[in-house]
Structures are given as structure tokens and as C-alpha cells.
Amino acid sequence: MSSILCIGAGYVGGPTMAVIAKNCPQHRVVVVDANAERIAAWNSARLPIYEPGLDQVIAQARGRNLFFRTDTEAQIAAADIIFVSVNTPTKTFGEGAGRAANLQYWERAARQILEHSRTPKIVVEKSTLPVRTAEAMERILNSQPGRGVHFDVISNPEFLAEGSAIHDLEHPDRVLIGGKSTPSGRAAVEQIVAIYESWVPRERIITTNLWSGELAKLAANAFLAQRISSINAISALCERTGADITEVAHAIGTDSRIGPRFLRASVGFGGSCFRKDILNLVYLCEHHGLPEVAAYWEQVVLMNEYQQRRFGSVMLEAMFNTVAGKRIALFGAAFKANTGDTRESPALNVCRELLDERAELVITDPYALDNARADLGAAAERVEFEPDPYKAAQGAHAIAILTEWQQFAELDYEAIYRDMVKPAFIFDGRNILDHAQLHRLGFNVYAIGKPPLAHFD
Ligand code: UDX
Ligand code: ADP
């Protein structure tokens, strides 16, 4: 039996530890966070994040062998294995601003571990970090050899996607565990392997050296984001030429070397990982004197920014080049369906763009309105937040679908059309609606990568 601690009770730490605790009843799993409100929410009936299936896993393990606490120092002292899952946002200041990772939370966690450890620990890095950060972590931790406490540092990047986190954790494509090849490094890797082996087949657990583990995570996210930027680039060409992106994507995806997944053209990718990790990779390449490689990956992010701006421009142009004073309903605030997370959400970028054009905006979303309000900051005062999509659309000139919630595909658009200002517009930034039917109802329909279906030319 081991005592496992996780520092950071966010979108990664919370669900990951819940699934470990569920599958390893023999281990005690404690999750701590500096944010006491967040911990209180994890201990309540209303969890701090919306994630399908999370409630059930928490119900099974919480209080049995899963605990959410705020006494970080005592829990560090008691732990054998410490997962570090703190936030590593992009730096907004100083060297590498806008690109490099801000490691201040992560280093603070390392120093807390150092200060409060009296027995040997395995420290597992879960946050995505620049390559070779684990080495820095090990240097900090082993900086006071006189105290006789030994630390092994392991890289175990998380590949879960929000909205399907529980499924991804229960049935991962692979688990990646990077460590040093010293005897104690190898033993530490085996201890972490043993935890995952409780429910993951051994052949899906990949062990690598420390740096490969860190780089693999950055590169995997860069490849995934690159597919979306690639299909989005083609969607722009489709709109100019009359080709249909759904048909093109299907034809591309049937090549077994390419595969069909992650080829959905959209208003752009969001989420806390893709942009941050690619910019991190770009910074790393620049730092190591590889400007061509840096420029190559940066283009994935630039294309994503272009796609979001382009969506706003299509709306503006279709609506006679002015949206000032027009009520527009934004359907969706979350960066993808099945999450309340709005970090880097294209929906909020489109929202800001339309505010600049002085549109009157109303946002509807089943789970993300609170986060949207917080993320928009001062701009939120100029936006209406309405949980009911029918009310949001009342009196609107246009609807823009910005998150692919299944709920939005199932609405009664005939009733919605009746209550809108005419001519009524719909902009489907996720291609989830039946465009031909909407056109028959009277809408002017603009989708991503498809010829517009308008009632006038
Ligand atoms: C991603 C990675 O998938 C995951 O492995 C990593 O651990 C964290 O980053 P996440 O950001 O939670 O996960 O969600 P993901 O499903 O990858 O979607 C990211 C964004 O891409 C969303 O905004 C989504 O709407 C968009 N997307 C995804 C598309 O626009 N088209 C697609 O075909 C797929
Ligand atoms: P992610 O999406 O990577 O999980 P989040 O921002 O959702 O990121 O979660 C990170 C959490 O880590 C936050 O709740 C933050 O309060 C917590 N945190 C950051 N630094 C520390 C620290 N030194 N001790 C405890 N918790 C911390």
C-alpha cells in the first residue's frame, strides 16, 4: 500500500486521482489544492468541474481511499508518491512572454515538497512542461543532500481530453512513463507502472527516458492541433470554390494512413493545452537555434487565430457589413462540448470580435456560463447570459453555433426562426446542424467549409 498525493485539484489532477483511487482501493489517494474553495467543491455534491461520469467515480472512491484536503504540508510529509498537477500557463511577462511556460506554480510546488519531506519520495510530473524541466525539478529537490532525503522524478504526462476524461483515463490508448536509467530511477518507474497496471494492460504502458516523455506530450498535442489547422485551412478554400469540407474530410480520412478522427473543420480549436503546448514547443525550438522548426509549428497557431477571425468576418459580411446594435445569439461558450471549460475558447474570441463591432450579444451554454462571465472580465458587462437557447434567440438577427453541444442540434429551429428578426441568419461554426432543412425554413445559412445557402445574392 502506498500513500499517493496529488498537488493541484484542477481539470487534470481531480479526474486522474479519482480514477486511480477507484481502480486502486489498496492505495490512499489525497488531492490538495491551494484554493480552499475548490477543495470544498470537490467535497460537496456540486463538483468544481463538469465532466461526464465524474460524479459516479467520485461517489465510489471519496471518503473510502480518496480525500480532498488543503493541508498540503502535512500531506507532503505523509506521501510516498507525489503527483504534481499544478497550472503551467503561458508566461505573460518577461523573457519568453506569450510563448514560454510560466513555471512559478510548479517551482513553488517543488520547493514545498523539498521543505516538508522527511522520507524518500517519487515525484511525478503530470503538468505539461518544457522538455528538461523534470531535470530542473530533480536539481531543486536534490539540492540539499545533507538532509538525506532522496527524490526520484518521473514524467507521466496526461493525455485525457476534457469531456471524455473518465473514458480516456479508464481506457487510455497509452500511458507514458519517463524516468532515469539509474537503479533508483528504474525502480521508481516500476512503482508508477504498477499503479497503472491495476487497470491498464501492460502493453499500453510505455516507458521512456525522462526527456522523451516530456517531448512526446508536446509533440502529440502539436500533431493533433496541426490536423485541425490543416482541415480548417482547406475549409477556407472550400468556401471560395464550392467544395464541401465534410465530403473532402471524409475522402481524406478513409486513407488508412491518415485516419478519420480529428478532421472536423470548426471555428477553431481551444482548450488549455493546444495553444500553450505549441507555443512552448516553438519557444523550445527557438531556444535551441531551430528557427525554421519554430516557424513551422507556429503556423498551426496562426492558422487557428485566422480561422476564428475569418468566422467573424464571414458573419459581418453576410449581415450587410454591419452588426452594430444587432442582437446576435451565440450558442456555446465552452471550448468543446461536454465541458464547462472556457479556457482559450474560440467562442469567447468570436464574442470579443463581435463586441468590437458593437453587436448586442447574448450567450447561451448548458454548463459554461459562469466560466464565460469570469473569462470575459470587463467585457462581460456588455453581454447577456441566458441559459435557455430559445430565449437567447428571441429577437435576434443571427445565431452563431460556437460549441458542438448535442442540445443545439436538437432544438426546434422552426419555432426559433419565427421569433427572430428577418432576414434571419445562422452561422454554424461546428457543422452540427441540418443546413438544407434550415434553409428551407427560411434561414440564410453559413457553415464552415461549405457554400452558403442564402435567399438572396
Ligand atoms: C487535448 C488533447 O486531445 C489531449 O490528449 C491532451 O491531454 C489535452 O489537450 P482537450 O483540449 O481537452 O484535449 O480536447 P480535444 O478533444 O483535443 O479538443 C481540443 C479542441 O479542438 C476543441 O476546441 C475542439 O472543439 C477542437 N477540435 C477537435 C476541432 O475543432 N476539430 C476536431 O476534429 C477535433
Ligand atoms: P489543469 O487543467 O492543468 O488541471 P487547473 O488550473 O485546472 O489546471 O488546476 C491547477 C490547480 O493547481 C489549481 O486549482 C491551483 O489552485 C492549484 N495549485 C497551483 N499551485 C499550487 C500549489 N503550490 N499547491 C497547491 N495547489 C496548487
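Residues numbered from 1 in each chain as written. Chains lettered and ligands numbered in written order. Predicted model: local features only at pLDDT ≥ 70, side-chain atom pairs only at ≥ 80, totals over all residues. Heavy atoms only, no water.

## Some remarks on the sheet that holds strand S9 (residues 327–331)
To be explicit about the condition: Pairing between two strands requires that DSSP report at least two bridges joining them. Secondary structure elements are taken from DSSP: a helix is a run of H or I of four residues or more, a strand is a run of E of two residues or more, and numbering for both begins at the N terminus. Fitting a line to C-alpha atoms yields each axis, with helices limited to the stretch in contact; the angle taken between N-to-C directions then spans 0 to 180 degrees. Residues are treated as being in contact if the distance between any of their heavy atoms lies within 4.5 Å.
Reading across from one edge, S11-S10-S9-S12-S13-S14 is the order of the six strands in this open sheet, with parallel pairing throughout. Of all the strands in the sheet, the pair left with one neighbour each is strand S11 (383–385) and strand S14 (444–447). Sheet twist, expressed as the mean angle between neighbouring strand axes with direction ignored, is 20 degrees. Two elements, strand S13 (residues 425–428) and S14, share four bridges in a ladder whose sense is parallel. Bridge assignment links Phe 427 to a residue of S14, and that residue is Tyr 446. Strands S9, strand S12 (398–401), S13 and S14 of the sheet are contacted by helix H12 (residues 291–318), whose axis makes an angle of about 165 degrees with S13. In this fold helix H14 (residues 369–376) packs onto strand S10 (360–364) and S11, with an angle of close to 160 degrees to the strand it touches most, S11.

## Thoughts on the site of ligand 2
For clarity, the threshold we go by: Proximity is defined per residue: if any heavy atom of the residue lies within 4 Å of a molecule or strand, that residue is considered near it. Each polar contact in these results corresponds to two N or O atoms within 3.5 Å; when the atoms are within protein, one needs to be able to donate a hydrogen and the other to accept it, and residues that are neighboring in sequence are counted only if both atoms are side-chain atoms. To measure how exposed things are, a 1.4 Å probe is used in the Shrake-Rupley method; for residues, cover is taken only from the protein chains shown. The nonpolar class holds Ala, Val, Leu, Ile, Met, Phe, Trp, Tyr, Cys and Pro. Asp, Glu, Lys and Arg form the charged class, and all remaining residues, Gly among them, are polar.
Neighbouring ligand 2 are 16 residues; Val 12, Asp 33, Ala 34, Arg 38 and Arg 343 lie closest to it. Here an oxygen atom of ligand 2 sits 2.9 Å away from a polar atom, N or O, in the main chain of Val 12. Protein chains bury 88% of the 580 Å² of accessible surface belonging to ligand 2 in isolation. In terms of residues, the shell around ligand 2 owes the most to one element, helix H5 (residues 104–116), which gives three residues. Residue composition of the shell around ligand 2, by class: six nonpolar, six polar and four charged.

## With respect to the site of ligand 1
The line we're drawing: Domain limits in this description derive from either an automatic procedure or a database domain assignment.
Near ligand 1 you find 21 residues, and of these Phe 159, Ser 266, Phe 335, Lys 336 and Arg 430 are the closest. Within the contact set of ligand 1, an oxygen atom lies 2.7 Å away from a backbone nitrogen or oxygen of Phe 159. Relative to its unbound accessible surface of 660 Å², ligand 1 loses 94% to contact with the protein. Here the element with the most residues in the shell around ligand 1 is helix H9 (residues 210–241); it accounts for four residues. In terms of residue class, the shell around ligand 1 is made up of eleven nonpolar, three polar and seven charged. A domain split of the shell around ligand 1 shows at least three residues from each of domain 1 (3–200) and domain 2 (217–457).

## Observations concerning the packing of aromatic side chains
This is how it is decided: Centre distance within 6.5 Å is the pairing criterion for rings of Phe, Tyr and Trp, where only the six-membered ring of Trp is used; planes under 30 degrees apart are then read as stacked, over 60 as edge-to-face, and the remainder as tilted. Per-residue accessibility, obtained with a 1.4 Å probe over protein chains only, is compared with the maximum for each type, and a residue is labelled buried under 20%, exposed over 50%, and partly exposed between these values.
In the structure shown here, the tally under the stated rule is 15 aromatic pairs. On the numbers, 5.5 Å between centres and 45 degrees between planes, the contact of Tyr 196 with Trp 199 is tilted. Residue classification places Tyr 196 among the buried positions, given a relative accessible area of 5%. With a centroid separation of 6.4 Å and an interplanar angle of 75 degrees, the aromatic rings of Tyr 413 and Phe 443 are classed as edge-to-face.

## Notes on the packing of helix H13 (residues 346–356) against H14
Which entries qualify depends on this criterion: Roughly parallel covers angles under 35 degrees, roughly antiparallel covers those over 145, roughly perpendicular covers 65 to 115, and oblique covers all other angles. Handedness of a crossing is defined here by the sense of rotation of the near helix relative to the far one, left-handed for an anticlockwise turn of less than a right angle and right-handed for a clockwise turn.
Where H13 contacts H14, the two axes come as close as 11 Å, and the packing angle between them is 50 degrees. Taken together, the axes of H13 and H14 are oblique relative to one another. With respect to the hand of their crossing, H13 and H14 are arranged in right-handed fashion. Where H13 approaches H14, its residues Leu 348, Cys 351 and Arg 352 are matched on the opposing element by Ala 372, Asp 375 and Leu 376.

## A few points about the environment of Thr 322
Along the chain, Thr 322 falls in the loop between H12 and S9. By relative accessible area, which is 35% here, Thr 322 ends up partly exposed. It is 11 Å that separates the C-alpha atoms of Thr 322 and Gly 312, two residues lying ten residues apart in sequence. Polar contacts involving the side chain of Thr 322 include one to the main-chain amide nitrogen of Ala 324, which spans 3.4 Å.

## What about the environment of Ile 82?
Within the fold, Ile 82 resides in strand S4 (residues 81–84). Ile 82 sits in the buried class, given a relative accessible area of 0%. Not counting residues within four places of it along the chain, the set of residues in contact with Ile 82 comprises Leu 5, Ile 7, Ile 76, Ile 113, Lys 121, Ile 122, Val 123 and Val 124.

## Structural notes on the domain arrangement of the protein chain
What counts is decided by this rule: The buried area of a pairing is the accessible area, by a 1.4 Å probe, that goes missing from both parts when the two are put together, added over both. Note on definitions: salt bridges are taken to be side-chain nitrogens of Lys or Arg within 4 Å of carboxyl oxygens of Asp or Glu.
Assigned domains of the protein chain: these are domain 1 (3–200) and domain 2 (217–457). Here domain 1 and domain 2 have C-alpha centroids that lie 33 Å from each other. Facing 24 residues of domain 1, the contacting portion of domain 2 comprises 25 residues. In total, about 1900 Å² of surface goes out of reach between domain 1 and domain 2, with carbon and sulfur atoms giving 52% of it. The largest per-residue losses of area from domain 1 upon contact with domain 2 belong to Tyr 50, Arg 99 and Glu 162, which jointly make up 37% of the total buried on that side. Across the domain 1-domain 2 interface, the total number found is three salt bridges. Note that Arg 99 and Glu 286 form a salt bridge whose closest N and O atoms lie 3.2 Å from each other. On inspection of domain 1 and its partner domain 2, the count reaches seven residue pairs in polar contact (both at pLDDT 80 or more).

## Structural notes on the nonpolar core
The nonpolar side chains of soluble globular proteins are, as a tendency, buried together. Rules: Joining through side-chain atoms within 4.5 Å is the link that ties buried Ala, Val, Leu, Ile, Met, Phe, Trp, Tyr and Cys residues into a set, and such a set is a nonpolar core.
If you look at the biggest cluster of nonpolar residues, it comprises 64 residues, and the most contacted ones within it are Ile 328, Phe 331, Ile 363, Ile 399, Tyr 413, Phe 427 and Phe 443. Counting residues per element, this core draws most heavily on H13, which supplies six residues. When sequence neighbours within four positions are dropped, the list of residues in contact with Ile 328 reads Met 315, Met 319, Val 323, Leu 354, Ala 359, Glu 360, Leu 361, Val 362 and Ala 398. Judged by nonpolar contacts, the second largest core, of 42 residues, contains Ala 9, Tyr 11, Val 29 and Ala 165.

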